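Coordinates in review
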Amino acid sequence: RLFLWFPGAGDKQVPTYSWGMASQFVRKLAVFASKHRIKLLAVSCGGLFVANAFCHVFPQRTYGKLYQAWSRGVPAQLSDKLQNTFQEVLKDVGVDSAPNYAAFSAFSFQPVSAGVPWLPAGSIVGIPANFNSSDNEGKGITNRIVMINGRDVKWDSEVGKALRESLTFSSDAQKFAIAREIIYLQSNSPIIHSLVGSACLAGTYLTGVAAKQALGLYSGPLMLRGFYNLAVAAMGLVGYFLLSDAVSHWLDYRSDRRTATISKNYAEGGIEFYDKVLARNKTFRSLLGKKGVEMYATNGNLFPKHWFRLKHAPYTSRKEMIENTLKDCWM
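The notes below deal with the structure included here. (Residues numbered from 1 in each chain as written. Predicted model: local features only at pLDDT ≥ 70, side-chain atom pairs only at ≥ 80, totals over all residues. Heavy atoms only, no water.)

1. Some remarks on the layout of surface pockets
Size it by volume and the largest pocket reaches roughly 1,900 Å³. Contributing to the lining of the largest pocket are 49 residues, with Tyr-67, Leu-302, Lys-311, His-312 and Tyr-315 lying nearest its centre. Sorting elements by how many residues they give to the lining of the largest pocket places helix H8 (residues 222–260) first, with six residues. When grouped by side-chain class, the residues that make up the lining of the largest pocket number 26 nonpolar, 13 polar and ten charged. (1 Å grid on protein atoms, 1.4 Å probe; cavity = no way out; pocket = protein on both sides within 12 Å on 5 of 7 lines; lining within 4 Å. Points joined across faces, edges and corners; volume = space filled by probe spheres on them. Helix = DSSP H or I, 4+ residues; strand = E, 2+ residues; numbered from the N terminus. Nonpolar A, V, L, I, M, F, W, Y, C, P; charged D, E, K, R; others polar.)

Structure below.
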């Protein structure tokens, strides 16, 4: 037992905690977990899925607020030009329930999306302001302040001109970029990606239990079982990272491929889009100095933030895939 001494308590030791009670509680908890392990596994997998998918259930309150562009203290409105482009893309993609897709003005340099179209809140697609630009005007680009390393980008400089060129897309490239986000949502990609965590948790647990039974570890020393559980948990975590990235790559490729098969113009627009993205990243690499070298490769691809993780498919391979699709379907 543990004891505490309190002044005025008659110099008596007052018992405050019992290790026997704690061990008894732990044993009861272990028995309960063993008896209801399948139910607990189901609840854990369901809770993990809900946590991963929550931001897509209410996209306006999550991604919408995160990526919303602002102008003079109020949310920026999407221009009529981009609203018309968005409606045209919805028709080209063949969306049956157009009201379930909403567009908003995003502060990023390329479209973003979130949501599940068949849920009540629908889905949203963020279209950047630089999609308003044209080769002659540069509206949506040169009228924005872009700061790199604490300094404004001078649009009339050589680097500024290169950045402006990489942010200026043709109508076909803009339509491709918007369409791939719509197809990404239409294919339930957010739901599929949210299931990865639950699948890995269930797979890790069932595999660990089966291996423990096969090796006869249930009757083994407590220390050995503890090390085994830690090893299984670590392997499950690494497996989750690898599977999550693999599924993300597959969803990226699938969306690009389906978008490129809409028409020849969309396929050519996809090649231009990724050409410009790679050119933009090369410009950022030179503008950001040492940080840019750490973030971007010489060909414009993103370096992984962690040594064994690459969350999205490389832009060069996505462009190459669209080039192959163009040859196979439209040549």
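Moving on, there is more to tell.
2. Topic: the nonpolar core
Membership of the largest hydrophobic core comes to 38 residues, with the highest contact counts inside it found for Phe-86, Ile-127, Ile-182 and Phe-273. Contributions of two or more residues to this core are made by helix H4 (80–93), strand S5 (101–106), strand S7 (123–128), helix H6 (171–186), helix H7 (189–215), H8, helix H9 (264–287) and helix H11 (315–330). Looking at this core, the element that brings in the most residues is H6, giving nine residues. What Ile-127 contacts, discounting residues up to four positions off in sequence, is Leu-78, Leu-82, Phe-86, Ala-103, Phe-104, Ser-105, Ala-106 and Ile-178. Of all hydrophobic cores here, the second largest spans nine residues; its members include Val-146, Val-153, Leu-167 and Phe-284. (Core = buried A, V, L, I, M, F, W, Y, C linked by side-chain atoms within 4.5 Å. Buried < 20%, exposed > 50% of the residue type's maximum accessible area, 1.4 Å probe, protein only. Contact = heavy atoms within 4.5 Å.)

3. Observations concerning the pairing of S5
Across the six residues of S5, five count as buried, placing the element largely inside the fold. Strand direction decides the pairing type here: S5 and S7, joined by six bridges, are parallel. Counterpart to Ser-105 in the pairing with S7 is Ile-127. (Pairing = 2+ DSSP bridges.)

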